[in-house]
Amino acid sequence: MSKIDQISQKILQELTRDGRISNLDLADKVGLSPSACLRRVQALERDGVITGYRATLNPAAMGAGFVAYVGVGLNNHAKASQEAFERAISRAPQVRECHNITGTIEYLLRVEVADLAAYKTFHTDILGTLPQVAAITSYVVMGSPKDERR
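Here we summarise the structure given alongside this text.

**Things to note about the pattern of salt bridges**
For side chains bearing opposite charge, pairing can occur when the charged atoms are close.
Then, number 1: This model, assessed by the stated rule, comprises six salt bridges.
Then, number 2: Of the charged contacts, one joins Asp 5 and Arg 40 as a salt bridge, the two residues approaching to 2.9 Å between their closest N and O atoms. Taken together, the residues Asp 5 in the segment before helix H1 (6-17) and Arg 40 in helix H3 (residues 34-46) connect sequence positions 35 residues apart.
Then, number 3: Residue classification places Asp 5 among the partly exposed residues on the basis of a relative accessible area of 21%.
Then, number 4: Look at Arg 40 and you get partly exposed, because its relative accessible area is 25%.
Then, number 5: A salt bridge links Lys 146 to Glu 148; the nearest nitrogen and oxygen atoms lie 3.4 Å apart.

In structure tokens form, the structure reads like this:
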């Protein structure tokens, strides 16, 4: 496994900020030669510290400017109920994230849709029809002063 020293931390910080940065520019920013920088990046990839690169999308530009976090409580805590719920949610394109959590509910979802009307449709026609769902609590995002995914 790669040692995550101060230089590797800088590399990871820069790649998180811009995954398309050239090796030459990355090496310059972290104070390494290009060959040493490339070796470190490859080691971080090989060791599973860096698991991939992806495009960061603007939901509003894609017609999904309405974001809500949704707490979902199940009516049955059996493994089969959880698995059925997870299968159903994995087919819902509106759900960008699904987390199984501890506490008074079982799941926290991040939902991105066009507007309130689209959210109501998702809430009623998708979540509301799942037999495992006992409770739904919606938290509408009004702003995101810090969101490191964007």
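**A few points about the packing of aromatic side chains**
Then, number 1: Enumeration over the complete set of coordinates arrives at three aromatic pairs.
Then, number 2: Judged by centre distance (4.6 Å) and plane angle (40 degrees), the ring pair of Phe 85 and Tyr 107 falls under tilted. Of this pair, Phe 85 sits in helix H4 (residues 79-90) while Tyr 107 is found in strand E3 (residues 107-113), placing the two residues 22 residues apart along the sequence.
Then, number 3: With a relative accessible area of 0%, Tyr 107 lands in the buried category.

**What about the pairing of strand E1 (residues 66-74)?**
Then, number 1: Burial analysis of E1 places eight of its nine residues in the buried class, the great majority of the element.
Then, number 2: Of the strand pairs in this sheet, E1 and E3 are connected by seven bridges, and their pairing is antiparallel. For Val 67, the partnering residue across the bridge sits in E3 and is Glu 112.
Then, number 3: Examined bridge by bridge, E1 and strand E4 (residues 133-140) share seven bridges and lie antiparallel to one another. Looking at the pairing, Val 72 lines up with Ile 136 of E4.

**Overview of the nonpolar core**
Most often, soluble globular proteins have nonpolar side chains that are buried together.
Then, number 1: Counting 19 residues, the largest nonpolar core has Val 70, Val 72, Phe 85, Leu 109, Val 111, Tyr 119 and Leu 127 as the members making the most contacts within it.
Then, number 2: Those elements that provide at least two residues to this core are E1, H4, E3 and helix H5 (116-126).
Then, number 3: With five residues, E1 is the single largest residue contributor to this core.
Then, number 4: Among all residues touching Phe 85, those that are not within four sequence positions of it are Val 72, Leu 74, Cys 98, Tyr 107, Leu 127, Leu 130, Gln 132 and Val 133.

**So, the packing of H1 against H3**
Then, number 1: At a minimum axis distance of 11 Å, the contact between H1 and H3 shows a crossing angle of 80 degrees. Relative to H3, H1 is oriented roughly perpendicular. Where H1 approaches H3, its residues Ile 7, Ser 8, Ile 11, Leu 12 and Leu 15 are matched on the opposing element by Cys 37, Arg 40, Val 41 and Leu 44.
Then, number 2: Counted by class, the contact of H1 with H3 contains seven nonpolar, one polar and one charged residues.

How each quantity is defined
- Residues numbered from 1 in each chain as written.
- Predicted model: local features only at pLDDT ≥ 70, side-chain atom pairs only at ≥ 80, totals over all residues.
- Heavy atoms only, no water.
- Salt bridge = Lys/Arg side-chain N within 4 Å of Asp/Glu carboxyl O.
- Helix = DSSP H or I, 4+ residues; strand = E, 2+ residues; numbered from the N terminus.
- Buried < 20%, exposed > 50% of the residue type's maximum accessible area, 1.4 Å probe, protein only.
- Phe/Tyr/Trp six-rings, centres within 6.5 Å; stacked < 30°, edge-to-face > 60°.
- Pairing = 2+ DSSP bridges.
- Core = buried A, V, L, I, M, F, W, Y, C linked by side-chain atoms within 4.5 Å.
- Contact = heavy atoms within 4.5 Å.
- Axes fitted to C-alpha atoms, helices over the stretch in contact; angles between N-to-C directions.
- Parallel < 35°, antiparallel > 145°, perpendicular 65-115°, else oblique.
- Nonpolar A, V, L, I, M, F, W, Y, C, P; charged D, E, K, R; others polar.

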